[in-house]
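This is what each chain is made of:
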Amino acid sequence: MAESARRARGGGGAARRAQRSAVSFETARFIERNIPNFEVLTEEALEIIEHNAETVLEEIGVNFPDNPGALQRWRDAGADLQGERVRIPRGLARKLCETAPSSFTQHARNPARNVEVGGRNLVLAPVYGPPFVRDAAGGRRYATMADFNKFVKLAYMSKWLHHSGGTVCEPTDIPVNKRHLDMLHAHMTLSDKPFMGSVTEPSRAQDSVDMCGVLFGEDFVQQNTVMTSLININSPMTFDDVMMGALEVYASNNQACIISPFIVGGAMAPVSVAGTLTQVLAETLAGIAYSQLVRKGAPVIMGAFVTSIDMNSGAPTFGTPEAAHITYGAGQLARRLNLPYRSAGSFCGSKLPDAQAAYETSNSLNMGLLAGVNFMLHACGWLEGGLVSSFEKFVMDADQLGTLHHLARGVEIDENAQAMDAIREVGPGGHYLGCAHTQANFKSAFWKSDLLDYKPFETWADEGARDTQALATARVEKLLGDYQQPEMDPGIREALDAFVAQRKAAEPDSFM
């Protein structure tokens, strides 16, 4: 593979010609907040939760099943092991977490689209994981690779999205043991934004690293972060061998992992906010500490995916006050650990991109901005509690992400923003439409949706009285119609194609 990577990165003339001829679409830079974080927990509350989390690790412990290598690492680090239960002495996990970087750069194949994860920044990435897709024409159905490719193109064309994501939908028409190759190939060739790696089996994580070696060069991959991948903790307090195996691959190769509990409050964690935050902190401390046992300094993101539960149906609920409290509180805990933070998204339980979806999504997106989230997975396209990737909701959400960018700017107070000249020019009883300040600033003064309808009733009626879903359907068609694939060095493309073909031929298809 090293030889093919060197061949692929030869032919510098071809690479320069590809770069000159590449079609570039405007993508906003990752968000840099100029507004304060909202902090819901007092200092006393934070200290209580931190103390209780250390008690959980020391007295109750966490499980690392079917992973003797992990158990040995913990034993060597000074933990107390009884079977697969790991009890971590008070303060040990927090000490190990200190070597994780407070921020890192994820490199894209187009350097202009690199993102900085951590600090005051917010990176937005699309929906992840649904087995179903929905659009207005075809309704709800199992996702295919063709659907996956469309979502990658939409993410590439979306101005306010900084990241291509990972499993934007699960292409069920491709064998389980091979679909990761097609998904990564799509992210690498149909977009030039940063992307995520596969975590469904350690060998697939290694394939992800190897494909990045072809795309970026093996030495570059070992020295830089080019992937961010989602490592879910099997709450409560279980670190299964598949996810930990993927983490081990990525951490040992200097690639970033989002180490995130997957919690439905009342089912996988206590019903109280403080109790859930205690468990979230205990689980993330153990997971991040383990990443540092694999490779000191490996980049990580502290995650918190938390919903509440409908106690009548058992279904998860989204956009609730309790989820907001947990998201705000976990942000405070992450900042005290000096770690990047992942949470929030376009969460909703609605079956359609309707008013319920909009209310719940708006609540979820805004709490993410105010909570100090640094990496927001599921920022657009989520429907039906994460079971569905919706084309219409994808563009609806992606449009609304523009409001997060503008809110995060805060309030300017320079001489132009004070507008004293305008106030003097207009005076009592006038209007500002024609004044010099308005003429100089009107193009950039207000955020404007590229989707929603602001026209008078008569014009709206004459144009078909379209609702938001109909407008979103048209927007999907326009973006896909305007899509032009970013250019790639032909040698790299040839090497990627060959890698995928070789790996697919190496084993029989499996749909299990």
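Keep in mind it's a predicted model, so treat the numbers as computed, not measured.

A. Broad picture of the sheet that holds strand β17 (residues 382-383). Here we have four strands laid out as an open sheet, ordered β9-β8-β18-β17, and mixed in their pairing. Bordering the open sheet on either side are β9 (139-142) and β17, each of which pairs with just one other strand. Of the strand pairs in this sheet, strand β8 (residues 132-135) and β9 are connected by four bridges, and their pairing is antiparallel. Residue pairing across strands places Phe 132 opposite Tyr 142, the latter belonging to β9.

B. Expanded view of the environment of Ala 267. Tracing the backbone through its elements, the reader meets Ala 267 in the loop between β11 (256-264) and α11 (273-294). Note on Ala 267: relative accessible area 52%, which makes it exposed. Residues Ala 267 and Gly 314, 47 residues apart in the sequence, show an inter-C-alpha distance of 8.7 Å.

C. Structural context of the state of the cysteines. Per the counting criterion, the structure on display carries zero disulfides. No disulfide involves Cys 348; its nearest neighbouring cysteine sulfur is the one of Cys 380, lying 12 Å away.

D. Region of interest: the nonpolar core. If you look at the biggest cluster of nonpolar residues, it comprises 140 residues, and the most contacted ones within it are Phe 64, Trp 74, Val 86, Leu 124, Leu 247 and Met 376. Examining the composition of this core, we find that ten residues originate from one element, α11, more than from any other. Once you skip the residues sitting within four places of it in the chain, Val 86 turns out to touch Leu 57, Gly 61, Val 62, Phe 64, Leu 71, Trp 74, Ala 79, Asp 80 and Leu 81. Ranked by size, the runner-up nonpolar core spans ten residues in total, among them Val 127, Phe 132, Trp 382 and Leu 383.

E. Quick peek at the packing of helix α6 (residues 145-157) against helix α19 (residues 468-482). The geometry of α6 relative to α19 is characterised by a closest axis approach of 9 Å and an angle of 85° between their N-to-C directions. Taken as axis vectors, α6 and α19 run roughly perpendicular relative to one another. Residues Lys 150, Lys 153, Leu 154 and Met 157 of α6 touch α19, and the partners they reach there are Val 476, Leu 479, Leu 480 and Asp 482. Residue composition of the contact of α6 with α19, by class: five nonpolar, no polar and three charged.

F. Looking closely at the confidence of the model for the protein. The predicted model of the protein averages 94 in pLDDT, with 95% of residues at 70 or higher. Between residues 1-11, whose pLDDT stays under 50, and residues either more than four places distant or in other chains, the model counts 18 contacts.

G. View of α19. Here α19 is 15 residues long and its end C-alpha atoms lie 21 Å apart, about the 21 Å a rise of 1.5 Å per residue gives. Those residues of α19 not exposed but buried are Leu 471, Ala 472, Val 476 and Leu 479. Down the axis, α19 shows its buried residues gathered within 145° of arc, on one side only. Every exposed residue of α19 that faces more than 90 degrees away from the buried side is listed here: Glu 477 and Gly 481. For α19, the elements touching its buried residues are α6 and α14 (391-408). Of the residues flanking the start of α19, the one acting as N-cap is Asp 467, its side-chain oxygen 3.3 Å from the backbone nitrogen of Gln 469.

H. Broad picture of the pairing of strand β12 (residues 300-303). Burial of the side chains of β12 extends over both faces: Val 300 and Met 302 are buried on one face and Ile 301 and Gly 303 on the other. Summarising the sheet, β11 and β12 pair through three bridges and their orientation is parallel. In the sheet register, Ile 259 faces β12, and the bridge partner there is Met 302. This β-α-β element, β11 to α11 to β12, shows right-handed connectivity. Looking at chain direction, β12 and strand β15 (residues 341-342) are connected through two bridges and run parallel. Along β15, the bridge assignment pairs Met 302 with Tyr 341.

I. Structural context of the sheet that holds strand β2 (residues 62-63). Sheet architecture is open: three strands sit in the order β2-β4-β3, paired in antiparallel fashion. Both outer strands of the open sheet, β2 and β3 (80-82), are each paired with one neighbouring strand and no more. As paired strands, β2 and strand β4 (residues 85-87) are joined by two bridges and run antiparallel to one another. Across the sheet, residue Val 62 finds its bridge partner in β4, namely Val 86. The strands that helix α3 (residues 43-60) touches are β2 and β4; relative to β4, the one it contacts most, it runs at about 125°.

J. Inspection of helix α7 (residues 179-190) at higher detail. Its twelve residues place the ends of α7 16 Å apart at the C-alpha level, agreeing with the 16 Å of an ideal helix rising 1.5 Å per residue. Most of α7 is tucked away: twelve of the twelve residues are buried. Burial in α7 covers these residues: Arg 179, His 180, Leu 181, Asp 182, Met 183, Leu 184, His 185, Ala 186, His 187, Met 188, Thr 189 and Leu 190. Against the buried residues of α7 lie α6, α8 (202-216) and α20 (490-505).

K. The arrangement of the packing of aromatic side chains in detail. The full count for this structure, using the stated rule, is 17 aromatic pairs. Both rings, one in Phe 132 and one in Tyr 142, keep their centres 4.6 Å apart while their planes meet at 35°; by these two values the pair is tilted. Placement of the pair is Phe 132 in strand β8 and Tyr 142 in strand β9, with a sequence separation of ten residues. A residue is classified by how much of its surface remains accessible, and Phe 132, at 14% relative accessible area, is buried. Summarising the aromatic geometry, the rings of Phe 305 and Phe 347 are spaced 5.2 Å apart at their centres and angled 80° between planes, so their arrangement reads as edge-to-face.

L. Expanded view of the environment of Gly 139. Of note, Gly 139 is situated in strand β9. As for Gly 139 and Ser 390, which are separated by 251 residues in sequence, their C-alpha atoms are 9.4 Å apart.

M. Region of interest: the side chain of His 163. Summarising the element assignment, His 163 is placed in the loop between α6 and α7. Setting aside chain neighbours within four positions, we find His 163 in contact with Gln 106, Val 123, Leu 124, Ala 125, Pro 126, Ala 155, Lys 193, Pro 194, Phe 195, Met 196 and Phe 375.

N. Main features of the pattern of salt bridges. With the rule as written, the count across this model stands at 24 salt bridges. Among the salt bridges present, the one from Asp 192 reaches Arg 113, with a minimum N-O distance of 2.6 Å. Within this pair, whereas Asp 192 is found in the loop between α7 and α8, its partner Arg 113 is found in the loop between β5 (103-106) and β6 (115-118), the two being separated by 79 residues in sequence. Since its relative accessible area comes to 7%, Asp 192 is described here as buried. Note that Asp 182 is salt-bridged to Lys 504, the shortest N-O span being 2.6 Å. With Asp 182 in helix α7 and Lys 504 in helix α20, this residue pair connects regions lying 322 residues apart in the sequence. Lys 504 gets classed as partly exposed once you look at its relative accessible area, which sits at 25%. Salt bridges linked by common partners bring Glu 43, Glu 50, Glu 54, Arg 94 and Arg 336 together as one network.

The rules behind the values
- Residues numbered from 1 in each chain as written.
- Predicted model: local features only at pLDDT ≥ 70, side-chain atom pairs only at ≥ 80, totals over all residues.
- Heavy atoms only, no water.
- Pairing = 2+ DSSP bridges.
- Helix = DSSP H or I, 4+ residues; strand = E, 2+ residues; numbered from the N terminus.
- Buried < 20%, exposed > 50% of the residue type's maximum accessible area, 1.4 Å probe, protein only.
- Disulfide = S-S within 2.5 Å.
- Core = buried A, V, L, I, M, F, W, Y, C linked by side-chain atoms within 4.5 Å.
- Contact = heavy atoms within 4.5 Å.
- Axes fitted to C-alpha atoms, helices over the stretch in contact; angles between N-to-C directions.
- Parallel < 35°, antiparallel > 145°, perpendicular 65-115°, else oblique.
- Nonpolar A, V, L, I, M, F, W, Y, C, P; charged D, E, K, R; others polar.
- pLDDT = per-residue confidence, 0-100.
- Expected span 1.5 Å × (residues − 1).
- Arc of directions from axis to C-beta.
- Polar contact = N/O pair within 3.5 Å; in protein donor to acceptor, adjacent residues only side chain to side chain.
- Right-handed = clockwise from strand over helix to strand, strands pointing away.
- Phe/Tyr/Trp six-rings, centres within 6.5 Å; stacked < 30°, edge-to-face > 60°.
- Salt bridge = Lys/Arg side-chain N within 4 Å of Asp/Glu carboxyl O.

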